[in-house]
Amino acid sequence: KVICFNGSYHGIIDEVIVRSSHKGKSLPAAPGIPSSAVENIIVLNYGEEESLNEIEELCSSGEVAAVLVEPVQSRRCDLQPKQFLKKLREITQKESVCLIFDEVITGFRIHTGGAQSFFGVKADLCTYGKIIGGGMPIGVLSGKARYMDAIDGGHWEYGDDSVPTVGVTYFAGTFVRHPLALRAAKEALTILKEVGVQGLELLNQRTQDFVDELNCYLENCQSNLRFINFGSLLKPKWIENDYMYSDLFFAMLRNEGVHQYDGFPWFINLAHSENDLELVKKTIMSVVHQLQENELMPGAPLEKDGGMPKGARLGKDLNGNPGWFLPHPEKHGQYLQIR
Ligand SMILES: Cc1ncc(COP(=O)(O)O)c(C=O)c1O
């Protein structure tokens, strides 16, 4: 059996389009998938102590081959369960169960070493996609020899008289190892090497500042919208589940030139300039303002820019309370609070 978690997304292979029923049975989550496709999948709740107990029990019974985990789910990026992941590693290691990290989104994004480096947890197998393809379609599987040897035959060299040392399984596809995708991946990795851990940390910090400033505004005007983030991945989140005009918010953003995919995660990347971020921020504030003025969003609209002087920015004071700040005229990088 393979254990995976509610709320994760692993692509459109039949086995992972799955949900758990009230009775704990796994059911296909889309029409056309036979129940037999998901009968070896067990779906548990993510980040919960109870799931760890269940995993421990299932693993010790000897029927679990692997635990597949999206370390931070892109749809719920505020759930970052470090201790859960560490415990999961402990249990799987003890029982020799393969721990698979799906880092298709987190890989090369949260850190050059992905979520594994960020949380200090080493998986047995790890999948990558998106960033590493440099815009080309790609999927990468990496991991320990114990699992990977079945794909490449273990240690052997091309061009000498060595031969595969381990029997291989069948692994192929028309576009598998496509030269253009591999060339793009090499370029993407070279750029990432130049950017380094510090470069990604800076991008994460820029996103954090962006999210903090927006949330400060949204709190101040008592809106029902907030932004959550994991490094440079961010997502709008409604405080009320039954807000009727969320579609309108996204449509208005688009109408004002900020294209995004309604309700899906957003990503800030190295190509975004400070001007881009400022434009997106101002557009969000303006859309919230218009919705509030027309009573289509709860809260009290702030005056445009809060009635503050040009260049004023929202931020938090030393006690974490929201406030407006102006750059210090003499001390670079310092701010003065407007009272
Ligand atoms: C975490 C995660 N895993 C797997 C996939 C599937 O990747 P692909 O669509 O390239 O098959 C996605 C795609 O969004 C993803 O977000």
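Computed from a predicted model, the values in this text were never measured in an experiment.

What counts and what doesn't
- Residues numbered from 1 in each chain as written.
- Predicted model: local features only at pLDDT ≥ 70, side-chain atom pairs only at ≥ 80, totals over all residues.
- Heavy atoms only, no water.
- Domains from an automatic or database assignment.
- Contact = heavy atoms within 4.5 Å.
- Buried area = accessible area lost by both parts, 1.4 Å probe.
- Salt bridge = Lys/Arg side-chain N within 4 Å of Asp/Glu carboxyl O.
- Nonpolar A, V, L, I, M, F, W, Y, C, P; charged D, E, K, R; others polar.
- Near = heavy atom within 4 Å.
- Polar contact = N/O pair within 3.5 Å; in protein donor to acceptor, adjacent residues only side chain to side chain.
- Areas by Shrake-Rupley, 256 points an atom, 1.4 Å probe, with all protein chains shown as cover.
- Phe/Tyr/Trp six-rings, centres within 6.5 Å; stacked < 30°, edge-to-face > 60°.
- Buried < 20%, exposed > 50% of the residue type's maximum accessible area, 1.4 Å probe, protein only.
- Helix = DSSP H or I, 4+ residues; strand = E, 2+ residues; numbered from the N terminus.
- Lys NZ or Arg CZ within 6 Å of the ring centre and 35° of its normal.
- Pairing = 2+ DSSP bridges.
- Patch = residues over 30% accessible without salt bridge, like charges linked within 9 Å, V, L, I, M, F, W, Y side chains within 5 Å.
- Lys, Arg positive; Asp, Glu negative; His and termini not counted.
- Charge placed at Lys NZ, Arg CZ, Asp CG, Glu CD.

K.L.:
Pulling in residues and values, what's your account of the domain arrangement of the protein?
P.N.:
Along its sequence, the protein is organised into domain 1 (2-133 + 138-174) and domain 2 (197-302). Computed from C-alpha coordinates alone, the two centres of domain 1 and domain 2 are separated by 31 Å. Residue-level contacts link 15 residues of domain 1 with 14 residues of domain 2. A combined buried area of about 1,300 Å² lies between domain 1 and domain 2, and 70% of that area is made up of carbon and sulfur atoms. The interface formed by domain 1 and domain 2 contains 1 salt bridge. Partitioned by chemical class, the residues of the side of domain 1 that touches domain 2 number 7 nonpolar, 5 polar and 3 charged.

K.L.:
Could you give me a rundown of the site of the ligand, with the residues and numbers involved?
P.N.:
Taken together, Y9, H10, G11, E70, D102, V104, I105 and K130 make up the full set of residues near the ligand. Between the ligand and Y9 there is a distance of 3.2 Å, counted from a nitrogen atom to a backbone nitrogen or oxygen. In the environment of the ligand, an oxygen atom lies 2.8 Å from a nitrogen or oxygen atom belonging to the side chain of K130. For the ligand, the accessible surface in isolation is 390 Å², of which the surrounding protein chains cover 67%. Residue composition of the shell around the ligand, grouped by class: 3 nonpolar, 2 polar and 3 charged.

K.L.:
Describe the packing of aromatic side chains, listing the residues and the values that go with them.
P.N.:
Evaluated as defined, the whole model comprises 14 aromatic pairs. On the basis of an interplanar angle of 85° and a centroid distance of 5.0 Å, the ring pair of F118 and F119 is categorised as edge-to-face. By relative accessible area, F118 is classed as partly exposed at 38%. Residue F119 is classed as buried on the basis of its relative accessible area, which comes to 2%. With centroids separated by 6.1 Å and ring planes inclined at 5°, the aromatic side chains of F119 and F230 adopt a geometry described as stacked. With F119 in helix α3 (residues 114-119) and F230 in strand β9 (residues 225-230), this pair connects stretches of sequence that are 111 residues apart. With respect to class, F119 is no different from F230; both count as buried. Feature note: the residues W238, Y243, Y245, F249 and F250 constitute an aromatic cluster, connected by ring pairs. The side chain of R75 reaches across the aromatic face of Y9, ending 5.5 Å from its centre.

K.L.:
Outline the pairing of strand β10 (residues 233-238), listing residues and values.
P.N.:
Along β10, 5 of the 6 residues are buried, which leaves the element largely enclosed by surrounding structure. Note: β9 against β10, 6 bridges, orientation antiparallel. Bridge pairing in β10 places F227 opposite P236. Between β9 and the antiparallel strand that follows it, β10, lie 2 residues; G231 among them carries a positive phi value of about 60°. Two strands pair when backbone bridges link them, and β10 and strand β11 (residues 266-267) are joined in this way by 2 bridges, in the antiparallel orientation. Looking at the pairing, L234 lines up with W266 of β11.

K.L.:
Run through the side chain of H328, naming residues and quoting values.
P.N.:
Looking at the element boundaries, H328 is found in the loop between β13 (322-327) and β14 (335-337). A distance of 3.1 Å separates the side chain of H328 from the backbone nitrogen of E330, its partner in a polar contact. Setting aside anything within four residues of it in sequence, one finds H328 in contact with Q334, Y335 and L336.

K.L.:
Tell me about a negative patch on the surface, residues and numbers included.
P.N.:
Judged by side-chain charge, E48, E50, E54, E56, E57 and E90 come together as a negatively charged surface patch. Per-element tally for the negative patch: the top contributor is helix α1 (residues 49-60), with 4 residues. Note on placement: E54 falls in helix α1.

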